[in-house]
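One-letter residues, chain by chain:
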Amino acid sequence: MDIRLHNTLTGRKDTFTPLRPDRVTMYVCGPTVYDYVHIGNGRPAVVFDVLFRLLRAKYGDVRYARNITDVDDKINAAAKEAQQPISTLTDRFAAAYEEDVHALGALEPTVEPRATHHIAEMIAMIERLIADGHAYAADGHVLFHVPSDPGYGVLSKRSLEDMLDGARVEVAPYKRDPKDFVLWKPSTPDLPGWDSPWGRGRPGWHTECSAMITKHLGDTIDIHGGGSDLAFPHHENELAQGRHLSDGEYVRFWLHNGMLTMGSEKMSKSLGNIVTIRELRAQYSGEVLRYALLSGQYRQALTWSEDLLKQSQASLDRLYQALLESPVGNVTDPSAFKSASIDEFPEAVLIPLCDDLNTPGALAAMHGIATDIHRANDPARARLLRDQLLASGWLLGILNEDPEAHFRAGAKVDPSEIEGLIVERKAARARKDFARADAIRDELLARGIELEDTRDGTRWKVRDT
RNA sequence: GGCUGGGUGGCAGAGUGGUCAUGCCCGCGACUGCAACUCGCGUUACAUCGGUUCGAUUCCGUUCCCAGCCUCCA
């Protein structure tokens, strides 16, 4: 089955084929680590994790790099405020980020490169750009000369004329052209810096990605992902550098995820309307957050709300309910499919996923499987469907918990006490003392425990009231 | 203003030129001692006005509205 992906460069869905048939290379822009990340930062981590899983199933070898930006003026400001070295701050928040996205079910990327570990590569890259006439040193800075790149603007679909020169930013006097962007800038003694041919300084934002891509993935990569707010200027600038460094194609498929909004406005730290993954994790499981993120197609804006989380939780519970009520088949959890090839996954789920990562469509197909499980009166068929549901769970990165444990997490009543009451209620029902039986059930419900009678006996779940 | 992308049933959110998305919520029915779980059912949902068509929510154009980017940003 072909995988079709929307390529920002062409503006349409194109059939994906890797440059090398046996290997896929993918780079995704990660966060700048100067604080806890918000859930909007989690969207690319989760979305491209699904793509990573899908590509692994189809091609086997996928080299996936997700970077950490650990040198940046906001970091400098935060470190100064906290009176800490920047590395103390960035180590702390990089670790927090990894924890957060791990909780969201993201697999570890092949590499998670950090900007500060690639200063030498960046300097070498800048020297090449200068030698090739695309960059120049001025006043301690090195700038990329945008007019030297005739392709500039093809990614974000804007012409040089469209960009009003210096309309919103004062143009630095050392720039030959207002659109020129910084590859390297000087550092004062109180700022982090590295020795370079242009004096002690630090890299500009766009420099790191190109250097790390070249080092870890090669001159030409298959996929570059990130938030749509990065398309311009970040990715446009990266592409300007990259196309000259790779003498040809820099990135074959540019993928951009849409923004999360709070109400109708973009979730953004500068707007102050963020909610951190850390805060959300205190109230919801990582899987619920992941389900919520995948409930919309990745290119579309997604409105983040309490209601979305409630609906996601209920929807996820329905899938777990199907697992709970069906006989265990050949496998017990989705990780059994981590090395499975693409034809081992249900087609109904693959079809939407292969169509530009239509995760809502894939989740709908999973609900279809869940319904089929409940309808199946043949245990063999139910087992087969259960395995299919778990296989789908691997691709989407959900259903990793034991179903029973899923429904019992956070119980505030001792399980042995619950079991005792269930036995007592069973006896009451046997002697037709329904008043007593119902009293036990009501009492437990008031304490957050719900009973369900099945043909195999009574089971209990946590039920928030 | 320029460039992108949107406006679908109470809510979320796919998709399609002519049967059905899906989930949540709500109601009714079945199951149950009663519930819960589960299953079944729920009238013209596709911003607006035109056009193409035997037929458009889906294609083309108009109008209105919304968001993102154009500055750091996932």
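This is a predicted model, so every value here is computed, not measured.

**With respect to the nonpolar core**
By size, the foremost hydrophobic cluster in this structure holds 88 residues, and its most contacted members are Leu55, Ile223, Trp304 and Leu396. A per-element tally of this core places helix H1 (residues 39-59) first, with twelve residues. The residues touching Leu55, leaving out its near neighbours within four places in the chain, are Ile3, Phe16, Val24, Met26, Gly60, Val62 and Ile223. Counting residues in each nonpolar core, the second largest holds 21 residues, with Ile119, Val142, Phe144 and Phe181 among its members.

**A short note on the domain arrangement of chain A**
Annotation of chain A at the domain level lists domain 1 (4-257), domain 2 (303-406) and domain 3 (412-462). Relative placement of domain 1 and domain 2: their C-alpha centres are 35 Å apart. Across the boundary between the two partners, domain 1 contributes 14 residues, which contact 17 residues of domain 2. Carbon and sulfur atoms supply 65% of the area buried between domain 1 and domain 2, which totals about 1400 Å² over both sides.

**With respect to H1**
The terminal C-alpha atoms of H1 lie 30 Å apart, and with 21 residues this matches the ideal 30 Å at 1.5 Å per residue to within 8%. Of all the 21 residues making up H1, 18 are buried; the element is thus mostly covered by neighbouring parts of the structure. With its phi angle positive at about 85°, Gly60 sits one or two positions after the end of H1.

**Points about the layout of surface pockets**
Where empty space is left in the structure can be found by rolling a water-sized probe over the atoms. Here the largest pocket defines a volume of roughly 1200 Å³. Around the largest pocket sit 43 residues that line it, and Thr32, Asn41, Trp205, Asp229 and Leu230 are the ones nearest its centre. Breaking the lining of the largest pocket down by element, the ones donating at least two residues are H1, helix H2 (73-82), strand S8 (201-203), helix H5 (205-216), strand S9 (221-227) and helix H6 (231-245). Split into classes, the residues belonging to the lining of the largest pocket amount to 18 nonpolar, 15 polar and ten charged.

**Considering the packing of helix H10 (residues 347-354) against helix H12 (residues 379-396)**
A pair of packed helices is captured by two measures, namely the crossing angle of their axes and the spacing between those axes. Remark: H10 packs on H12, axes separated minimally by 10 Å, with the N-to-C direction vectors making an angle of 20°. Classified by the angle their axes make, H10 and H12 are roughly parallel. Viewed along their axes, H10 and H12 form a crossing whose handedness is right-handed. Along the contact surface, H10 presents Val349, Leu350 and Leu353, while H12 presents Ser392, Leu395 and Leu396. Its residues assigned to classes, the contact of H10 with H12 comprises five nonpolar, one polar and no charged.

**Details of the packing of aromatic side chains**
Applying the stated rule across the entire model yields ten aromatic pairs. On the numbers, 5.2 Å between centres and 70° between planes, the contact of Phe16 with Phe253 is edge-to-face. On the criterion of sequence distance, the pair formed by Phe16 in the loop between strand S2 (12-15) and strand S3 (24-28) and Phe253 in strand S10 (residues 251-257) is long-range, its members being 237 residues apart. For Phe16, a relative accessible area of 2% corresponds to the buried category. Look at Phe253 and you get buried, because its relative accessible area is 5%. With 5.0 Å between their ring centres and 15° between their planes, Phe144 and Phe181 make a pair best called stacked. Highlighted residues: Phe144 in strand S6 (residues 141-144) and Phe181 in strand S7 (residues 181-186), separated in sequence by 37 residues.

**So, the sheet that holds strand S4 (residues 62-66)**
With respect to topology, four strands assemble into an open sheet ordered S4-S3-S9-S10, the strand pairing being parallel. What marks the edges here is a single partner per strand, and that holds for S4 and S10. Ignoring which end each strand starts from, the neighbouring axes of this sheet average 20° apart. Examined bridge by bridge, S3 and S9 share three bridges and lie parallel to one another.

Calculation notes
- Residues numbered from 1 in each chain as written.
- Chains lettered and ligands numbered in written order.
- Predicted model: local features only at pLDDT ≥ 70, side-chain atom pairs only at ≥ 80, totals over all residues.
- Heavy atoms only, no water.
- Core = buried A, V, L, I, M, F, W, Y, C linked by side-chain atoms within 4.5 Å.
- Buried < 20%, exposed > 50% of the residue type's maximum accessible area, 1.4 Å probe, protein only.
- Helix = DSSP H or I, 4+ residues; strand = E, 2+ residues; numbered from the N terminus.
- Contact = heavy atoms within 4.5 Å.
- Domains from an automatic or database assignment.
- Buried area = accessible area lost by both parts, 1.4 Å probe.
- Expected span 1.5 Å × (residues − 1).
- 1 Å grid on protein atoms, 1.4 Å probe; cavity = no way out; pocket = protein on both sides within 12 Å on 5 of 7 lines; lining within 4 Å.
- Points joined across faces, edges and corners; volume = space filled by probe spheres on them.
- Nonpolar A, V, L, I, M, F, W, Y, C, P; charged D, E, K, R; others polar.
- Axes fitted to C-alpha atoms, helices over the stretch in contact; angles between N-to-C directions.
- Parallel < 35°, antiparallel > 145°, perpendicular 65-115°, else oblique.
- Left-handed = near helix turned anticlockwise from the far one by under 90°.
- Phe/Tyr/Trp six-rings, centres within 6.5 Å; stacked < 30°, edge-to-face > 60°.
- Pairing = 2+ DSSP bridges.

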